[in-house]
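# A look at the structure
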Amino acid sequence: MNSIIEYFQTIDVQFVESTAKLLLLGALVTLKITLVAVSCGVLIGLFVGIAELSNYKLLRFPAKVYVDIIRGTPLLVQIFIIYFALPSILGTRIEPYIAAVVACSINSGAYVAEIFRAGIQSIDKGQFEAGRSLGLTWSQTMSKIVIPQAFRRTIPQLGNEFIAMLKDSSLVSVIGFEELTRKGQLIIAATYRSFEIWTAVAIIYLIMTLTISQFVAYLEKKYNADTRRK
């Protein structure tokens, strides 16, 4: 306990305050790339998740392969492939921001696909039959009845995916993209004050993840209350 107290007593608060603006700018970039990546991941995951449940092997097999490959390989390796390996095939350089967004979106899409797949499978089959009995097509039944219910049920999992991607986005610092972790590295390279900076970076990540967790809990409670009223 004493070592922990001594740890925080040695932190130069004034120095951290002087670098706070740069770190907060990095935090905003981290939030931006996470929001873009997870938004794209939700779109990818929705279609892939539905394809995994398809009766057509031409849709189901590629979707399954995509999910297995992406979930079975590290995000860091995927970033390296897109930023370093892909340009050698395309013959053109890929900007760090584009590489970061593409890699994180593809990675998020695979995990979101499994979330949606499980969510859709949790809906009672009677819901499908009810839609068809009303004269709705398969796509109308999915879009108007099944997916809205599945989405409400998957809010906690989607929130967890957002938080996981928020933390995993720190990996894009290896390609020079200046999000929160990279900002911390640059400040440390100039000042050699790793102790204060990494502590500040950790606290900022903690604040962001706790805030998002509370927001997700609020959404879950709100949707559950709306469902009960109906």
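The rules we used
Residues numbered from 1 in each chain as written. Predicted model: local features only at pLDDT ≥ 70, side-chain atom pairs only at ≥ 80, totals over all residues. Heavy atoms only, no water. Helix = DSSP H or I, 4+ residues; strand = E, 2+ residues; numbered from the N terminus. Buried < 20%, exposed > 50% of the residue type's maximum accessible area, 1.4 Å probe, protein only. Contact = heavy atoms within 4.5 Å. Phe/Tyr/Trp six-rings, centres within 6.5 Å; stacked < 30°, edge-to-face > 60°. Polar contact = N/O pair within 3.5 Å; in protein donor to acceptor, adjacent residues only side chain to side chain. Salt bridge = Lys/Arg side-chain N within 4 Å of Asp/Glu carboxyl O. Core = buried A, V, L, I, M, F, W, Y, C linked by side-chain atoms within 4.5 Å. Expected span 1.5 Å × (residues − 1). Arc of directions from axis to C-beta.

Below, the discussion takes up unusual backbone geometry. Positive phi is not limited to glycine here, since Tyr192 has a value of about 60 degrees. Counting through the fold element by element, Tyr192 comes out in the loop between helix H9 (180-191) and helix H10 (194-229). Overall, the relative accessible area of 72% leaves Tyr192 in the exposed class.

This paragraph deals with the side chain of Thr141. Secondary-structure assignment places Thr141 in helix H7 (residues 138-153). Under the relative-accessibility criterion, Thr141 is labelled buried at 1%. Excluding its chain neighbours within four sequence positions, the residues that come into contact with Thr141 are Gln127, Phe128, Gly131, Arg132, Leu136 and Val146.

Moving on, we get to the environment of Val174. Examined against the element boundaries, Val174 turns out to sit in the loop between helix H8 (155-168) and H9. Residue Val174 is classed as partly exposed on the basis of its relative accessible area, which comes to 43%. With near-sequence residues (within four places) excluded, Val174 lies in contact with Leu76 and Phe80.

The full count for this structure, using the stated rule, is 3 aromatic pairs. With 5.7 Å between their ring centres and 40 degrees between their planes, Tyr97 and Phe177 make a pair best called tilted. Of the two residues, Tyr97 sits in helix H5 (residues 96-121) while Phe177 sits in the loop between H8 and H9, which places them 80 residues apart along the sequence. Tyr97 sits in the partly exposed class, given a relative accessible area of 31%. On the accessibility criterion, Phe177 (10% relative accessible area) is buried. One aromatic cluster is present, built from ring pairs that chain together Phe80, Tyr83 and Phe84.

On to the side chain of Ser54. As for its position among the elements, Ser54 is in the loop between helix H2 (13-52) and helix H3 (57-71). For Ser54, a relative accessible area of 14% gives the class buried. Looking at Ser54, its side chain comes within polar contact range of the main-chain nitrogen of Tyr56, at 3.0 Å. What Ser54 contacts, discounting residues up to four positions off in sequence, is Leu59 and Arg60.

This part is about the pattern of salt bridges. All told, the structure shown has 6 salt bridges when counted by the stated rule. Put simply, Asp68 and Lys64 hold a salt bridge, and the shortest N to O gap is 3.8 Å. In this pair, Asp68 and Lys64 are both assigned in helix H3, 4 residues apart and thus about one turn of the helix distant. Its salt-bridge partner being Glu114, residue Arg117 comes within 3.1 Å of it at the nearest N-O pair. Here Arg117 and its partner Glu114 are both found in helix H5, 3 residues apart, which amounts to about one turn of the helix. A residue is classified by how much of its surface remains accessible, and Glu114, at 15% relative accessible area, is buried. Beyond isolated ion pairs, a larger network of salt bridges with shared partners links Arg71, Glu114 and Arg117.

For the rest of this paragraph, the subject is the nonpolar core. If you look at the biggest cluster of nonpolar residues, it comprises 36 residues, and the most contacted ones within it are Leu23, Val172, Leu180 and Met208. Of all the elements in the fold, those that place two or more residues in this core are H2, helix H4 (75-90), H5, H8, H9 and H10. In this view, Leu23 contacts Leu180, Gly184, Ile187, Ala200, Val201 and Ile204; residues no more than four positions away in its chain are not counted. By size, the runner-up hydrophobic cluster in this structure holds 12 residues, among which are Leu46, Phe116, Val146 and Ala150.

In this model H9 runs 17 Å from its N-terminal to its C-terminal C-alpha over 12 residues, within 8% of the 16 Å that 1.5 Å per residue would give. All of the buried residues in H9 are Leu180, Thr181, Lys183, Gly184, Ile187 and Ile188. Here the buried residues of H9 occupy an arc of 160 degrees about the axis, which is enough to place them on one side. Residues of H9 that are exposed and point more than 90 degrees away from the buried face comprise Ala189 and Ala190. A distance of 3.0 Å separates the backbone nitrogen of Thr181 from a side-chain oxygen at the start of H9, and that oxygen is part of Glu179.

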